[in-house]
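Residue-level structural notes
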Amino acid sequence: MFRSKAIKFFIHAAGWLIFLGFPLLFMNKTQETRSNSFIIIQSPFYWLFCLTYIFMFYLNAWYLVPKLVFNKKYISYGIIILLLLGCVYFLQPFDNLLENNLFKNAKFATSQTAMGSPGHDASIPNIGSDTASPGDKSLPFGPLPHQDMRMQDPRFKSSNKIIFIHQSGNIDMVGLFIFIIVIGLSIAISTVQKWQLTERMVVRAEAEKAHAELSFLKAQINPHFLFNTLNNIYALSVTDSEHTSESIMKLSNIMRYVTDEVTEDYVLLQSEIDCINDYIDLQKLRLGKKTQLNFTITGHILNQKIAPLVLMTFIENVFKYGVSKHEQSVIDINLGVDEKKISFFCQNPIFENGTSTNKRKGIGISNTKRRLQHIYPGKHKLNISTNDGLFTVNLEIDS
């Protein structure tokens, strides 16, 4: 934020320094007047010219456009712009600056003639005197615009006279053109800043929405997982199984993992595998002889990380819908790990276990798909198929 503000400050400063330098370049075109930049800067008409446009630029960019244009108050904005245009017409900033500079140069030439400066051509008339010829073209700075009229103007006949701000009947076309450019630039800058602010707000809103959605999905997964596990332990307790206490201990390990670590966006892969092992051990206690379970882990598990409970959703689905007490079934679960990728495969036959089977299964799988899209955008591949009565999941995650 500080860097952005600093860059914006330097851009504005550089732009206004260039703007302040333009009058000096335009006024000093001849050798005789190149040394008078300091005199121009001291002139009140120079600061009238510069400060008028600087004030109008920031007034429009910081107040008029945000308060009126962005709030669709176009009529009020148009009236204020016309008033500002009238101010420029009355002040005539560019013409006053130009004529003041010409007046100062004429005064400078008069003083040089009176002093008899070296190299001064005696044929050059005294501009400050009443004998100056209105049509004389031999001034050191060349013929002046509308020289015939200005040499008759009393403002040029005495160094004690000043230049009036407003000249009746004169239109400062250059000043009005600069006004249009300044207003246009200020509107453009305000619009770009508004667009950038809107973009940041949209990105922030999307991030907050994604975070809230992930939290909601986790809240859905945890009770669902706990509900299924408690059902399994309940079945063991009803049959007075000797593995009931062991099952409770494993459930305690699982719940500790779910409570302490699942709140993070990423957990160690080893922690996820430990949870999977405890869960599979719990499921083995209730599996009959008709179910064959093949669970393998290959590769080197180091410090890889993974989103919590992503794999658990599919494993839970395997045992809930791929086990039958009356039919033979084979469950395959394979986990492959290397330095750059985590590969997961599971396959189970499809058994219809009640009317709510498809609905619950759909909730768990759809939630996992959405989590993967949020956490691993463009970094995962998920293929789910139901061919030949088998439910197959292939998942690859870039670690």
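Before any of the text, the structure's been laid out above.
The structure contained in this document is the topic of the report that follows. All values derive from a computational prediction rather than experimental measurement.

1. Points about helix α4 (residues 74-91)
- Between its first and last C-alpha, α4 extends 26 Å over 18 residues, near the 26 Å set by a 1.5 Å rise per residue.
- One or two positions beyond α4, positive phi appears at glutamine 92, with a value near 50 degrees.

2. Comments concerning a nonpolar patch on the surface
- Residues Tyr89, Phe90, Ile171 and Met173 make up a contiguous nonpolar surface patch of about 420 Å² in total accessible area.
- For tyrosine 89, the location among the structural elements is in helix α4.
- In this structure tyrosine 89 comes out as partly exposed when scored by relative accessible area, which is 36%.

3. Examining the sheet that holds strand β6 (residues 380-387)
- Strands sit in the order β2-β4-β5-β7-β6 across an open sheet of five strands; the sheet is mixed. Single-partner strands in this sheet number two, and they are β2 (291-299) and β6. Averaged over all pairs of adjacent strands, the angle between strand axes in this sheet comes to 5 degrees, irrespective of strand direction.
- The pairing of strand β4 (residues 329-337) with strand β5 (residues 341-349) spans six bridges and is antiparallel. The residue of β5 that forms the bridge with aspartate 332 is glutamine 347.
- Against the sheet, helix α9 (residues 269-284) engages β2, β4 and β5, with an angle of about 165 degrees to β2.
- Its contacts with the sheet put helix α10 (residues 310-321) on β2, β4, β5, β6 and β7 (390-398), and the angle it makes with β5 is roughly 15 degrees.

Calculation rules
Residues numbered from 1 in each chain as written. Predicted model: local features only at pLDDT ≥ 70, side-chain atom pairs only at ≥ 80, totals over all residues. Heavy atoms only, no water. Helix = DSSP H or I, 4+ residues; strand = E, 2+ residues; numbered from the N terminus. Expected span 1.5 Å × (residues − 1). Patch = residues over 30% accessible without salt bridge, like charges linked within 9 Å, V, L, I, M, F, W, Y side chains within 5 Å. Areas by Shrake-Rupley, 256 points an atom, 1.4 Å probe, with all protein chains shown as cover. Salt bridge = Lys/Arg side-chain N within 4 Å of Asp/Glu carboxyl O. Buried < 20%, exposed > 50% of the residue type's maximum accessible area, 1.4 Å probe, protein only. Pairing = 2+ DSSP bridges. Axes fitted to C-alpha atoms, helices over the stretch in contact; angles between N-to-C directions. Contact = heavy atoms within 4.5 Å.

Keep in mind these values describe shape, not function.
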